[in-house]
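Secondary and tertiary structure notes
The chain contents come next:
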Amino acid sequence: MAGDSKKIHLIITRQQDANSKPYQEEFLVPYRSNMNIISALMEIQKNPVNAQGKETTPVIWESVCLEEVCGACSMVINGKPRQACSSLIDQLEQPIKVAPLSTFPVVRDLAVDRQRMFDSLKKVKAWVPIDGTYDLGAGPRMPENTRQWAYELSKCMTCGCCLEACPNVNDNSPFMGPAPLSQVRLFNAHPTGAMHKDERFEAVMGEGGITTCGNSQNCVEVCPKGIPLTTSIAHLNRQVTLHSFKSFFGNF
Amino acid sequence: MERGKNQHLYRKLHSLSGIIPVGVFLTVHLFVNYTATWGMDAYNTAAGVMVNLPFKIFLESFIIFIPLYFHAIYGMYIAFQSKNNVGSYGYSRNWKFFLQRLSGVITFIFVTWHIWETKVQVEFFDAEANFNLMANIVDNPVSLALYIVGIVAAVYHFANGIWTFLITWGITVSPKSQKFFAIITLGLFVVLSIIGVRAILAFA
């Protein structure tokens, strides 16, 4: 077995709880082939001893699906926000620096609270309302070519990487970030969802809405799902421009 | 000012005012200055036309000063709201985002200083708006260097501002059109910079 001597060098930014100060702790984890960041963290959990050989608390993180569809394990890995599950050790430069997303409040160690993203989805009504007292029957059909690009937008897993990279998402700014804006485009493209599109436009025309975007276009560079976020934002810019003309001058 | 639904209107107007009228005025201004490369008389004639336009106070207020300072002051608020991160994300668009804010701050300071040295002196301290007024200012090499920095910053801010304006107003949506106008606005930056710098060098 070749893996016995080889070690993975990790530098992890840790934090005891939401209010305590962050600090760094180094770990040397035994190497196996095909490991990812999650399996390296699992090794620490099994044997919580740091690089100095001192016993420590196991590192806390959040992960669910382990196949880059749930969005729970977002971390800043070697300076870039990405999913820990799809970050393969063999493809990373060592020492590997792992830190929690800085845009969100830290719960503990690498676990963050992404609640603000879910609040934004509620604010922009990122759903298709069909509940009622009787069966509404089948809705209008969706054209196949619309479905194809809408499917790309539906891959958003609320992972928060775009908010992390955005220079306009921070404590001084109310900006909701790129992800919920792209969801407005998605749900407005749905034939039944489109019946409520004006409500979604109004929501993104409020404080922290679409015009708070500064076009740095970092979001589209870091999105792990390759969602055309900047195209969504520009498209929505056109829609809200037309919407505001309509609401001031009257419908066409 | 920022609260509530008016934010949307202010931001859209901020983007628009940078092009119309402020950017258009900047272009006209640089073109008038360029006549200095043809000599003192040519400049004094061209500047004389601008100075003797009718309803000048109205034109100056509504085409220059009110939109200019609305754009500048609201722009400061926007610039200092961002947390620049070109160190971690060195993508070219992110650099342009950072330079847009940096050039905005430089232009704000430069234009205010420039107005003090020219317009304020002419209106309140009996200076005459002609070739010699500028020639005396840029006689000092430090002033000349600051003018070149200020002009290039203003032109960059305008050219890149056209690119972001086209997105903010929903004109360029596809990545293809955004790339196309990135090249066009880069060309505009180069051309207007040459015009602006050649003009100021003509006074020195």
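Since this is a predicted model, take the numbers as computed values, not measurements.

Parameters and conventions
Residues numbered from 1 in each chain as written. Chains lettered and ligands numbered in written order. Predicted model: local features only at pLDDT ≥ 70, side-chain atom pairs only at ≥ 80, totals over all residues. Helix = DSSP H or I, 4+ residues; strand = E, 2+ residues; numbered from the N terminus. Rg over C-alpha atoms; globule rule 2.2 N^0.38 Å. Buried ≥ 20, exposed ≤ 12 C-beta atoms within 10 Å, placed from the backbone. UniProt positions renumbered as here; feature names shortened; annotations may be inferred. Domains from an automatic or database assignment. Contact = placed C-beta atoms within 7 Å. Pairing = 2+ DSSP bridges. Axes fitted to C-alpha atoms, helices over the stretch in contact; angles between N-to-C directions. Expected span 1.5 Å × (residues − 1). Bend = angle between axes of the 7 residues up to and from the residue. Core = buried A, V, L, I, M, F, W, Y, C linked by C-beta atoms within 7 Å. Nonpolar A, V, L, I, M, F, W, Y, C, P; charged D, E, K, R; others polar.

A tally of helices and strands in chain B yields 8 helices and 0 strands. Each helix and strand of chain B, placed in order from N terminus to C terminus, yields the pattern α-α-α-α-α-α-α-α. For a compact globule of 204 residues, the expected C-alpha radius of gyration is about 17 Å, and chain B comes in at 18 Å, within 12% of that figure. Dimensions of chain B, computed from C-alpha atoms along their principal axes, come out at roughly 50 × 35 × 30 Å. The buried share of chain B, reckoned over its 204 residues, is 29%.

Next up on the list: the UniProt feature "transmembrane region" (unreviewed entry) in chain B. Residue and element names in this part refer to chain B. According to UniProt, the positions carrying the feature "transmembrane region" (unreviewed entry) are residues 12–32, 57–77, 98–116, 144–168 and 180–201. Secondary structure across residues 57–77 comprises 100% helix and 0% strand; the distance between its end C-alpha atoms is 28 Å. The span residues 98–116 is 100% helical and 0% strand by assignment, and the distance between its end C-alpha atoms comes to 28 Å.

What follows deals with the domain arrangement of chain A. All names here are of chain A. With domains assigned, chain A is organised as domain 1 (2–112) and domain 2 (115–249). If you average the C-alpha positions of domain 1 and of domain 2, the two centres end up 31 Å apart. Contacts between the two partners involve 15 residues from domain 1, matched on the other side by 11 residues from domain 2. At the level of elements, β3 (74–77) and β4 (80–83) are the ones that each hand at least two residues to the side of domain 1 that touches domain 2.

All names here are of chain A. The mixed open sheet is built from 5 strands, whose spatial order is β2-β1-β5-β3-β4. For this open sheet the edge positions go to β2 (23–30) and β4, each flanked by a neighbour on one side alone. Ignoring which end each strand starts from, the neighbouring axes of this sheet average 35 degrees apart. As judged from the 3 bridges shared by strand β1 (residues 7–14) and strand β5 (residues 96–99), these two strands associate in the parallel manner. Pairing of Ile 11 across the sheet is with Lys 97, part of β5. Sheet strands touched by helix α1 (residues 37–46): β1, β2, β3 and β5. Its angle to β2, the strand with the most contacts, is close to 95 degrees.

Our focus in this paragraph is helix α4 (residues 56–79) of chain B. Residues and elements named next belong to chain B. With 24 residues, α4 should cover 34 Å at 1.5 Å per step; its first-to-last C-alpha distance of 32 Å lies within 8% of that length. At Phe 62, α4 shows its largest bend, some 35 degrees. Considering only its buried residues, α4 is in contact with α1 (6–19), α2 (22–34) and α5 (92–124).

Counting 40 residues, the largest nonpolar core has A:Cys162, A:Val204, A:Ile210, A:Cys219 and A:Cys223 as its most contacted members. Sorting the residues of this core by element identifies α4 (161–165), α5 (178–189), α6 (197–204), α7 (218–222) and α8 (229–249) of chain A together with α7 (141–168) of chain B as the ones contributing at least two each. If sequence neighbours within four positions are ignored, A:Cys162 has contacts with A:Gly177, A:Pro178, A:Ala179, A:Cys219, A:Val222, A:Cys223 and A:Leu229. Core analysis: the second largest hydrophobic core is formed by 23 residues, A:Ile8, A:Ile12, A:Val59 and A:Val76 among them.

Here the focus is the interface of chain B and chain A. Contacts between the two partners involve 27 residues from chain B, matched on the other side by 24 residues from chain A. At the level of elements, α1, α5 and α7 of chain B are the ones that each hand at least two residues to the side of chain B that touches chain A. Here the side of chain B that touches chain A takes 4 residues from α1(B), the largest share from any one element. Across the side of chain B that touches chain A, the residue classes break down as 7 nonpolar, 14 polar and 6 charged.

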